[in-house]
Amino acid sequence: MEKTFYTLLCMVFCASLLIPGGAKAQDKNAIERSAFWGNSDIYLNKQAFQMFDLVDQALTENPPVPGAPMVRKLALYNLDAMLHETRYDNSEPFNKFLASRMNKVITDLSNPVNEGMKIYKIYNDGFIARTRSVTIAFDIARGICNGKTLIPDALAQSIVDHCDVLFITHNHGDHADKAVVEMFLKAGKPVVAPANFWEENKDIQHVRSDKVIDKQMKLGKNKKIRVKIFPGNQDELMNNIYVVTTDEKKTVVHIGDQYNKEDMEWIVNIHKEIPQPDALIVNCWTHRMSDLVDGFNPKLVLTGHENEMGHTIDHREAFWLTFQKMEKISKDYMVMGWGEWFTTNNYNYIL
């Protein structure tokens with residue numbers, strides 16, 4: 001048996017030499033393999049391209065749906081693993097991945113919304129909500145990692161070009177980006193922010209009050225929204241909670257980095273003061289997640305703030321942690337990666 005095996009092996013080897021290019025193919029393969037020997041950095045960089053590309057492909061082919069489908073959990077958990085290895089911070093494979101995700105959003109923003117509401121997750125806690133009449137941006141920021149901007153200005157500008165208004169929840173750089181704000185203001189688009197953000201800029205509509213603000217906003221020709229602003233907090237820092245209702249009677253809520261024990265006294269009953277949200281956007285580490293969700297009583301919950309790259313890896317909130325938390329809430333939820341969105345034909349809800 002052993003003799004037969006080696007005979008066959010020799011025959012295969014000899015045949016490869018007789019096939020035109022066979023020897024060259026073997027030599028090329030040997031060169032490709034040996035290129036990694038003794039150089040783990042090159043090997044891991046090549047592997048990173050493969051992993052990020054595969055995650056990108058998996059998320060594209062399996063768009064967001066309520067709950068936790070296994071294929072999406074695998075893709076997002078693998079993304080956790082890559083983003084929690086600091087060797088890939090600001091690396092070419094990572095930058096290529098993030099640019100791919102942003103370009104997908106920019107392309108889709110050019111498509112009309114004929115019915116319902118479409119919501120995009122940009123980066124970190126940045127989201128865009130669209131209906132037929134209006135496009136609303138929340139906490140859009142380019143992101144910073146080790147002093148370098150993650151989303152290039154050109155891509156950020158392309159996103160801003162499609163939006164009608166920007167709401168900023170609080171004065172932290174991963175939510176309030178002055179460069180993005182200037183893009184909105186230069187285009188004559190309103191920016192609403194807490195009173196302590198860029199106070200000297202009078203073009204910003206600064207909002208902070210101990211009382212709830214309820215007003216209608218005009219956004220250019222024939223565009224308007226209804227906005228309720230609640231005075232929330234991230235610990236002691238003011239953090240506006242925005243409840244926005246469009247002409248189509250679609251309501252989206254963005255709570256920023258709401259995290260305050262005292263505020264929960266009124267948040268648990270906030271559903272009495274607002275329309276039922278079609279979508280509630282929460283930071284994945286908020287205080288008393290289940291009670292907060294019940295307080296707003298939304299149709300669907302969306303999470304943000306996973307893997308903020310400006311943080312150390314122990315504070316880059318993982319998707320696997322988000323799934324563990326969300327599986328315990330009473331409402332349907334959806335966990336999205338960067339550069340993803342959901343549309344009414346992806347799932348059974350009509351937003």
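Residues numbered from 1 in each chain as written. Predicted model: local features only at pLDDT ≥ 70, side-chain atom pairs only at ≥ 80, totals over all residues. Heavy atoms only, no water.

**Let's talk about the overall build of the chain**
So, point 1. Of regular secondary structure, the chain possesses 10 helices and 16 strands.
So, point 2. Counting only residues that meet the buried cut, the chain has 51% of its 351 residues in that class.
So, point 3. Here the analysis covers contacts within the chain between residues at least 6 apart in sequence; of these, 61% occur between residues at least 24 apart.
So, point 4. Carbon and sulfur atoms make up 53% of the accessible area of the chain, which totals about 16800 Å². (Helix = DSSP H or I, 4+ residues; strand = E, 2+ residues; numbered from the N terminus. Buried < 20%, exposed > 50% of the residue type's maximum accessible area, 1.4 Å probe, protein only. Contact = heavy atoms within 4.5 Å. Areas by Shrake-Rupley, 256 points an atom, 1.4 Å probe, with all protein chains shown as cover.)

**A short note on the sheet that holds strand β12 (residues 251-254)**
So, point 1. Across the sheet, which stays open at both edges, the 7 strands sit in the order β9-β10-β11-β12-β13-β14-β15 with mixed pairing between neighbours. The open sheet terminates on both sides in strands that have one partner only, identified here as β9 (213-218) and β15 (333-334). (Pairing = 2+ DSSP bridges.)

**Some words on the pairing of strand β10 (residues 224-234)**
So, point 1. The buried count for β10 comes to 9 of 11 residues, which makes it a mostly enclosed element.
So, point 2. Here 6 bridges tie β9 to β10, and the two strands are oriented antiparallel to one another. Residue pairing across strands places Gln216 opposite Arg226, the latter belonging to β10.
So, point 3. The hairpin formed by β9 and β10 contains 5 residues between the paired strands, and Gly220 there has a positive phi angle of roughly 75°.
So, point 4. Note: β10 against strand β11 (residues 237-246), 10 bridges, orientation antiparallel. By the bridge assignment, Gly232 is partnered in β11 with Asn239.
So, point 5. Adjacent in sequence and paired antiparallel, β10 and β11 are bridged by 2 residues, among which Asp235 carries a positive phi angle near 55°.

**Some remarks on empty space enclosed by the protein**
So, point 1. On inspection of all chains with the given rule, the structure shows 1 cavity of 30 Å³ or more.
So, point 2. When its volume is computed, the largest cavity comes out at roughly 30 Å³.
So, point 3. Lining the largest cavity we find Val207, Arg208, Ser209, Lys211, Ile213, Ile229, Phe230, Pro231 and Asn240.
So, point 4. Looking at the lining of the largest cavity, the element that brings in the most residues is β10, giving 3 residues. (1 Å grid on protein atoms, 1.4 Å probe; cavity = no way out; pocket = protein on both sides within 12 Å on 5 of 7 lines; lining within 4 Å. Points joined across faces, edges and corners; volume = space filled by probe spheres on them.)

**A short note on the pairing of strand β13 (residues 279-283)**
So, point 1. Taking burial as the measure, the 5 residues of β13 include 5 buried ones, the bulk of the element.
So, point 2. Of the two faces of β13, the one lined by Ala279, Ile281 and Asn283 and the one lined by Leu280 and Val282 are each fully buried.
So, point 3. The sheet contact formed by β13 and strand β14 (residues 301-304) spans 4 bridges and is parallel. Bridging across to β14, Ile281 finds its partner in Leu302.

**As for the sheet that holds strand β3 (residues 135-138)**
The strands that make up a sheet are held in pairs by hydrogen bonds between backbone atoms, and each pair lies either parallel or antiparallel.
So, point 1. As summarised here, the arrangement of the 7 strands in space is β8-β7-β6-β3-β2-β1-β16, forming an open sheet in which the pairing is mixed. Either end of the sheet is taken by a strand with one partner, and the two such strands are β8 (205-207) and β16 (340-342). Taking the axes of each pair of neighbouring strands and ignoring which way they run, one obtains an average angle of 20° across the sheet.
So, point 2. In the sheet, strand β1 (residues 118-121) pairs with strand β2 (residues 127-130) via 4 bridges, with the strands oriented antiparallel. The residue of β2 that forms the bridge with Ile119 is Ala129.
So, point 3. Sheet strands touched by helix α7 (residues 178-186): β3, β6 (165-167) and β7 (191-194). Its angle to β6, the strand with the most contacts, is close to 150°. (Axes fitted to C-alpha atoms, helices over the stretch in contact; angles between N-to-C directions.)

**Description of the packing of aromatic side chains**
So, point 1. Summed over the entire model, instances satisfying the criterion amount to 13 aromatic pairs.
So, point 2. When the centroid spacing of 5.3 Å and the interplanar angle of 35° are considered together, the rings of Phe52 and Phe97 count as tilted. Taken together, the residues Phe52 in helix α3 (residues 40-61) and Phe97 in helix α5 (residues 92-109) connect sequence positions 45 residues apart.
So, point 3. Taking relative accessible area as the criterion, Phe97 reaches 3% and is therefore assigned buried.
So, point 4. Pairing Phe230 with Trp266 gives two aromatic rings, centres 6.0 Å apart and planes at 15°, and the pair type is stacked. Here Trp266 lies in helix α8 (residues 264-267) and Phe230 lies in strand β10, a separation of 36 residues in the sequence.
So, point 5. For Phe230, a relative accessible area of 2% corresponds to the buried category.
So, point 6. What links up through ring pairs into an aromatic cluster is the set Phe52, Tyr88, Phe94, Phe97, Tyr123 and Trp338.
So, point 7. One cation-aromatic arrangement involves Lys73 over Phe323; the distance from NZ or CZ to the ring centre is 5.5 Å. (Phe/Tyr/Trp six-rings, centres within 6.5 Å; stacked < 30°, edge-to-face > 60°. Lys NZ or Arg CZ within 6 Å of the ring centre and 35° of its normal.)

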